Amino acid sequence: MLPNQNRLRRREDFAKVYAKGDRYRGTYLSLRILFDSNDPFIRIGIVVSKKVSKLAVTRNRFKRQLRAIFRQLLSQLKHGLQIVVTVTTVTSKPSYQELWDDLRNLLAKAKVLHGN
């Protein structure tokens, strides 16, 4: 589980990121990133729709894996970010490593990792 200060929860916050955030698209994931200099925390929201899978077990698995990846990458991200990750419709279930690679490539493309 992500710490409370790192979660994006309210509908208004999601709507703001969707409306004003930059969009990046990968093989399995779609990323919306909004930089907010007033907020010292990194806030993350994860969206997995029923189009991906009608089974809640599968959708929750994607969310658990993405939260675990973000926990490892949290210290490498720049502060003041609001990120919404959406799992796109996939024909095959990606492995943990494929999700890791896809998310890391998207974050590098967005230039929000400390190395970039």
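Conventions adopted
- Residues numbered from 1 in each chain as written.
- Predicted model: local features only at pLDDT ≥ 70, side-chain atom pairs only at ≥ 80, totals over all residues.
- Heavy atoms only, no water.
- Helix = DSSP H or I, 4+ residues; strand = E, 2+ residues; numbered from the N terminus.
- Rg over C-alpha atoms; globule rule 2.2 N^0.38 Å.
- Contact = heavy atoms within 4.5 Å.
- Areas by Shrake-Rupley, 256 points an atom, 1.4 Å probe, with all protein chains shown as cover.
- Lys, Arg positive; Asp, Glu negative; His and termini not counted.
- Charge placed at Lys NZ, Arg CZ, Asp CG, Glu CD.
- Buried < 20%, exposed > 50% of the residue type's maximum accessible area, 1.4 Å probe, protein only.
- Arc of directions from axis to C-beta.
- Core = buried A, V, L, I, M, F, W, Y, C linked by side-chain atoms within 4.5 Å.
- Axes fitted to C-alpha atoms, helices over the stretch in contact; angles between N-to-C directions.
- Parallel < 35°, antiparallel > 145°, perpendicular 65-115°, else oblique.
- Left-handed = near helix turned anticlockwise from the far one by under 90°.
- Nonpolar A, V, L, I, M, F, W, Y, C, P; charged D, E, K, R; others polar.
- Pairing = 2+ DSSP bridges.

## A few points about the overall build of the protein
Stage number 1. Scanning the protein from N- to C-terminus turns up 3 helices and 4 strands.
Stage number 2. Its helices and strands taken in sequence order, the protein reads α-β-β-β-α-β-α from the N to the C terminus.
Stage number 3. The globule rule puts the C-alpha radius of gyration for 116 residues at 13 Å, and the 13 Å found for the protein is close to it.
Stage number 4. Seen through its C-alpha atoms, the protein measures out along the principal axes to roughly 40 × 30 × 25 Å.
Stage number 5. For the protein, the share of sequence-separated contacts (at least 6 apart) that also reach a separation of at least 24 residues comes to 79%.
Stage number 6. Split by element, the accessible area of the protein, about 6,900 Å² in all, is 49% carbon and sulfur.
Stage number 7. Side chains of the protein carry 24 positive and 8 negative charges; the gap between the two charge centres is 7 Å.

## A few points about helix H1 (residues 11–20)
Stage number 1. Within H1 the residues assigned to the buried category are Asp 13, Phe 14 and Val 17. The buried residues of H1 occupy an angular sector of 100 degrees when the element is viewed end-on, so they sit on one face. Pointing more than 90 degrees away from the buried face of H1 are the exposed residues Arg 11, Glu 12, Ala 19 and Lys 20.
Stage number 2. Lining the buried residues of H1 we find strand E2 (29–35), strand E3 (43–47) and strand E4 (81–87).

## So, the nonpolar core
Stage number 1. Ranked by size, the top nonpolar core spans 30 residues in total, and within it Ile 83, Leu 103 and Leu 107 carry the most contacts.
Stage number 2. Within the residue set of this core, elements represented by two or more residues are E2, E3, helix H2 (56–73), E4 and helix H3 (96–109).
Stage number 3. Core analysis: the next-biggest nonpolar cluster, separate from the first, contains 5 residues, Leu 8, Phe 14, Leu 34 and Val 84 among them.

## Overview of the packing of H2 against H3
Stage number 1. As a packed pair, H2 and H3 sit with axes 10 Å apart at the nearest point and diverge in direction by 50 degrees. Considered as vectors, H2 and H3 are oriented oblique to each other. Relative to H3, the crossing made by H2 is right-handed. Where H2 abuts H3, its residues Phe 62, Gln 65, Leu 66, Ala 68, Ile 69, Phe 70, Gln 72 and Leu 73 lie against Tyr 96, Leu 99, Trp 100, Leu 103, Arg 104 and Leu 107.
Stage number 2. Considering only residue class, the contact of H2 with H3 consists of 11 nonpolar, 2 polar and 1 charged.

## Remarks on the sheet that holds E4
Note on sheets: strands pair through backbone hydrogen bonds, and any given pair is parallel or antiparallel.
Stage number 1. Read from one edge to the other, the open sheet built from 4 strands follows the order E1-E2-E4-E3, with strand pairing classed as mixed. Unpaired on one side and paired on the other, strand E1 (22–25) and E3 mark the two borders of the sheet. Averaged over all pairs of adjacent strands, the angle between their axes in this sheet comes to 15 degrees, without regard to strand direction.
Stage number 2. Across 7 bridges, E2 lies against E4 in antiparallel orientation. When the bridges of E4 are listed, Phe 35 appears paired with Leu 81.

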